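Here are the chains, one letter per residue:
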Amino acid sequence: MPEWMRWQIEAIVWLQGLQPPGAIAFWRLMSWLGEEPVFLLLLTGWLWAYRKREALWAATALLLGSYLAFTLKDLFAMPRPFQVAPDAVRVLVPGGEALGYGLPSGHALTAAALWGTWAGMLGNPWFTGFALGLIFLIGLSRLVLGVHFLHDILVGWAVGALVAFGIVRVGPGWLPRLAASRRRSFLLAAGGVLLLFLLHGTRETAVPLGAWLGMIGGTLLESGQNRFHPGGPWPQRGWRLAIGWATLAALYVGLGWLFRALPPPLPEAPALRFVRYGVVGLWATGGAPALFLRLGLAPTERTVEVLPSDPQPGHL
């Protein structure tokens, strides 16, 4: 075992030994905050009930970060601490023994990309402090739970921060000039997503890339026709969240069940996962907003006074 791995193993063992009774439940909660279901709830809640522009850019950062995490894991093919020192490091997260390559930490990377983008877009010091604290705790949880080395987490934070910086500083200003029409926007986006899939198309990367393409299609469709606005009275927003999350869960679980019922090896095919998450992304950004408008549960941007600090239609 290399020396640089040995001292990290010793640090993990030391950290695990420090944990008082009940602390592992807290670290599992912090780790769970970096999981897919939480991201779905957060992003759709933000999209449907608060700020559409920030939610879409944060989703872009998350999906790009997720793709990079899986791609870099396969590129570096680095082990996890419990694989290097199975007699010393305890795996304290259910199912952790079945995890694949370690570098970088996907939880650390996607947390930094998502919350870093939100903090950069909002520019609120209090929210920025909250976001940084959450990014730190999610990364640290993976160390305490024994599923990542420190270098996995540091690289994840660094790559996620680069993604967030690029989205905040480059995305909103550069993308509208590149894509002058909705048709051109979709063709460029679809071409970019398919290129990334050709470069590294696996069952893992099919998830963020499928969701990304569906999100782009739904956003362009919605902004061209309905112009859904996430404002309105709070009871109305609550109804939107209840209906939106219920339909999203039915679609997400239903498609998963349907594809798993297919004969092997079809359930594991990257193309089917791409389709499943593409449909989910399309519904979240296009279908659900259209349903809210049809039910009279949301205003349109044509009927709402848009403040200078609010998302503008042209920013979408």
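Residues numbered from 1 in each chain as written. Predicted model: local features only at pLDDT ≥ 70, side-chain atom pairs only at ≥ 80, totals over all residues. Heavy atoms only, no water.

## Some words on the overall build of the chain
Okay, step 1: A tally of helices and strands in the chain yields 13 helices and zero strands.
Okay, step 2: For the chain, the α and β elements follow one another from N to C terminus as α-α-α-α-α-α-α-α-α-α-α-α-α.
Okay, step 3: Here the chain has a C-alpha radius of gyration of 20 Å; the compact-globule value for 316 residues is 20 Å, and the two agree.
Okay, step 4: A principal-axis box enclosing the C-alpha atoms of the chain has dimensions of 65 × 50 × 35 Å.
Okay, step 5: Across the 316 residues of the chain, 49% fall into the buried class. (Helix = DSSP H or I, 4+ residues; strand = E, 2+ residues; numbered from the N terminus. Rg over C-alpha atoms; globule rule 2.2 N^0.38 Å. Buried < 20%, exposed > 50% of the residue type's maximum accessible area, 1.4 Å probe, protein only.)

## Remarks on the pattern of salt bridges
Pairing between side chains of opposite charge can happen when their charged atoms approach one another.
Okay, step 1: Counting across every chain of the model gives four salt bridges.
Okay, step 2: Here Glu 3 and Arg 6 are joined by a salt bridge, their closest N and O atoms 3.7 Å apart. In this pair, Glu 3 and Arg 6 both sit in helix H1 (residues 3-18), three residues apart, roughly one turn of the helix.
Okay, step 3: Looking at Glu 3, the relative accessible area reads 55%, which means it is exposed.
Okay, step 4: Notably, a salt bridge pairs Lys 52 with Glu 222, separated by 3.4 Å at the nearest N-O pair. (Salt bridge = Lys/Arg side-chain N within 4 Å of Asp/Glu carboxyl O.)

## What to know about the environment of Leu 134
Okay, step 1: Following the sequence through the fold, Leu 134 ends up in helix H7 (residues 125-144).
Okay, step 2: On the basis of relative accessibility, which here comes to 11%, the residue Leu 134 falls in the buried class.
Okay, step 3: For the pair formed by Leu 134 and Trp 115, sequence separation is 19 residues and the distance between their alpha carbons is 8.2 Å.

## Considerations on helix H13 (residues 270-294)
Okay, step 1: Counted at 1.5 Å a residue, the expected span for H13 with its 25 residues is 36 Å, and the 34 Å between its end C-alpha atoms agrees.
Okay, step 2: Of the residues one or two after H13, Gly 296 is the one with positive phi, at around 75°. (Expected span 1.5 Å × (residues − 1).)

## So, the confidence of the model for the chain
Okay, step 1: Within the chain, residue pLDDT values average 88, and 91% of them lie at 70 or more.
Okay, step 2: Predicted confidence in the chain is weakest over helix H9 (residues 171-178), with a mean pLDDT of 62, and strongest over H7, with 96.
Okay, step 3: In the predicted structure, residues 305-316 sits below a pLDDT of 50 and forms 20 contacts with residues beyond four places in sequence or in another chain. (pLDDT = per-residue confidence, 0-100. Contact = heavy atoms within 4.5 Å.)

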